Every structure is written in structure tokens, then in C-alpha cells.
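# Working through the structure, step by step
One letter stands for each residue in the lines below.
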Amino acid sequence: MPQLPPPQPFDQDDIYRTLLESTQAIPWKIDWASQRYVYVGPQIEALLGWRTDDWGTVQDWIDRIHPDERDQVVRRCVELSQAGVDHEADYRALTADQRYVWVRETVHVLRNAQGGTEALVGFIFDIHERKQTEQRLLALQRELQALSYQDSLTRVANRRRFDEALEQAWAQAQATQTPLSLLVLDIDFFKQLNDCYGHQTGDQALVQVAQALAQVCDKCNDLVARYGGEEFVVLLPKVGLDIARQVAERFRRLLQEQAIPHARSPFGQQVTVSIGAGSLVPQPGQDCAGFVHAVDQLLYAAKNAGRNRVVAQAVLL
Ligand SMILES: Nc1nc2c(ncn2[C@@H]2O[C@H](COP(=O)(O)OP(=O)(O)OP(=O)(O)O)[C@@H](O)[C@H]2O)c(=O)[nH]1
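Positions within a chain are numbered from 1, following the residues in the order the chain's sequence is written. Predicted model: local features are reported for residues with pLDDT of at least 70 only, side-chain atom pairs are reported and counted for 80 or more only, and whole-chain, interface and lining totals are derived from all residues. Excluded from the side-chain calculations are hydrogens and water; all other atoms, namely the structure's heavy atoms, are used.

Looking at any residue, its pLDDT shows the predictor's confidence there, from 0 to 100. In this model, the protein carries an average pLDDT of 94, and 97% of its residues clear a pLDDT of 70 or more. Both scores are given for the predicted complex: the pTM is 0.73, the ipTM 0.92.

Another aspect to go through is the side chain of His 66. Structurally, the position occupied by His 66 is in the loop between helix 3 (58–63) and helix 4 (67–82). Using a relative accessible area of 14% as the deciding quantity, one classes His 66 as buried. In what follows, residue pairs with any heavy atoms lying within 4.5 Å of each other are defined as contacts. Sequence-distant contacts of His 66, defined by excluding residues within four places in its chain, comprise Arg 92 and Tyr 100. A helix here means a DSSP run of H or I that spans at least four residues, while a strand means a run of E at least two residues long, and both kinds are numbered starting from the N terminus. Per-residue accessibility, obtained with a 1.4 Å probe over protein chains only, is compared with the maximum for each type, and a residue is labelled buried under 20%, exposed over 50%, and partly exposed between these values.

To continue, consider the site of the ligand. What makes a residue near a molecule or strand is one non-hydrogen atom of that residue sitting within 4 Å of it. The full set close to the ligand counts 17 residues, and Phe 189, Phe 190, Asp 203, Arg 226 and Lys 303 are the nearest of them. Contacts described as polar in this section are N or O atom pairs within 3.5 Å, which, within protein, must combine one atom able to donate a hydrogen with one able to accept it, while residues neighboring in sequence count only if both atoms come from side chains. Within the backbone of Lys 191, one N or O atom sits 2.8 Å away from an oxygen atom of the ligand. Note that an oxygen atom of the ligand is positioned 2.6 Å from one of the side-chain N or O atoms of Arg 226. Out of a free accessible area of 660 Å², the ligand has 68% covered by protein chains. Taken together, the elements giving at least two residues each to the shell around the ligand come down to strand 6 (180–187), helix 7 (190–197) and helix 8 (199–216). Per-residue and other accessible areas follow the Shrake-Rupley method at a 1.4 Å probe size, with only the shown protein chains counted as cover for residues.

Below, the structure written as C-alpha cells:
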């Protein structure tokens, strides 16, 4: 039977070093008193391009953190290290060829016999792909949220966005006892416009009306929304009846200037709107659904009075 070779004496340090330097995580050690790197795993070169001897002092680490997160990361790491608390930090690290790569550092604090911080040891992980995926997902999420609040045809806010904005504005106006105004408007004889020119031209007219409305209501607090079909609403927080009426009339004039063709309209063969404009200071116990209903009634009053006009009134609930 062949003899097995006698077991070789092994150096434990060698084993640990081999293990440490063959992992994806990049180990390092900093002496706290001198603030110098006493060890950096050679894998650092593959990740960041810097050689191990490019890591002299803690300042090298600081200088290679992206300026956007540098102060915050350094302050937090120093505080926690001083307090002897293990921690981790994500940041973009500068590469030798001047790019930035997302990394995660996990830091373990080694203490001396007196309990003071003696050294820091830790690992650097490459989290670049994961971070980029996270950021893409976040951007996508924001985009989806914006889309879920937008009317897909006219690009103004949709009914859902309006309902939320109304709730907020209502609560604010109720709490501060400030006025709130609402315009509800509807294109006149829109059915005939569709019948005469076709649905696509009808759609185009809706887009033009929405754009004109957005142009008139350009204050940051105003909200233009498509309420449904050919009906739009404009929410005007902190606006009283006089201003609401002026906004409505300004919009009617702008639409007149734009002269969107409507051969079957008796009003100069162009698109016109009827507008209900209501205003109130919400009182305790009143609710916003009643307000919308009341302003909708003003719109119908404008329709019944002959169309192409504004009916503005203080709303009593
Ligand atoms: N092109 C187009 N038409 C729409 C859209 N939504 C609703 N409509 C049309 O809008 C028309 C609304 O007609 P009505 O409610 O009778 O109102 P109107 O013809 O404007 O009459 P008045 O409001 O009384 O002046 C209907 O023919 C709907 O088909 C849309 O997104 N695109």
C-alpha cells in the first residue's frame, strides 16, 4: 500500500490570508492612533484600480468618496468608530481612472484593554450593479406614479390626482379658514364636433383646450385636471370668487383667440366652453363632495343660460 505523505505543518496566518484574499469582499485594517492603513486586500485593484500601496492614510479613503456623500459618510463613520460601534456605509468610490463605483463598507471596531478604539477592520463590497438597478427601479417607480396621476390624452392631471388635491386643499382651507375656488367647465356642443370632424379631431380639441387651461392657470397652487370626457376642473386654493371669475373669463378669451374650428357651433363656428365657478371658505362639518356638486350645478346653470359663458357664485353648503 502506498504511503501517504506526512501532514505538512501549516501556517494559520497563511490560510487566513489566502481565504481573505480570495473572497469577493475586500478586507482592510486601519490603525486608529496613526489613522494609517495597515492592510488592504489586493482585490482592491480589480475593483477600483488603486494598488494596495495607494492606501496610505484615512485621508486617501476620504478623498476617494464622491463629494455628494463624502461629508455625511465621513462624519457618521468617525462618530460611530469613536463610540466603538460597528457600522456600514454605502458610497460611490473613485476609481483610479476617475469613475465612481458604488461600494458598501462594513466596519468592525477593535477595542483595546481600556475599551478605547484601537483599530478598524472591515470589508468593501462591490454593490454597483445592485445600486444601479435600485436607482433604475426608483426612477421607474416615480415615472409610474406620475403617469398614474396624469390623463393620458391631454397630459394634465387626471380625476384621481384631482380628488387627492381637492382633499388636501379642502383640509388646508378648513384649517386656515382661507377661501377655496373651483372651476368646472365643459366644451359646448362637443358631440357635434366629434360627429362633424371625427373622434381624432375631437381628441385634438381636448388637448388644445387642456393646454390653454394650463397656460391660464400657471400658478403653482392651481391644478388643472380632466374630470372625464370633455369636462375639466381647475382647483384654485387661496383664491376668492372675484379672482376665480377672472381666471374663468381669461380662459374663455384665450380660447376665443385660439379659434379652434367647430363648424356646428353657433358661436363663431369655433370651440367655446361653459364654466361654473364657485368659491367658499369650508366650515367644520362640510365636505368637499358637496362643493364639487354645487359647482357642477353652476356649470349646468351656464349651459341652461345659453352656453359660452361663466356663471360664478359664492357656494353655500
Ligand atoms: N373625441 C373625444 N370625445 C369624447 C371623449 N370623451 C367624451 N367624448 C364625447 O363628448 C361628447 C359629450 O357630449 P354631450 O355630453 O352630449 O355634450 P355636448 O355635445 O358637449 O353638449 P353640451 O355640453 O350640452 O354643450 C360625447 O359625444 C362623447 O362621446 C374623448 O376622450 N374624446
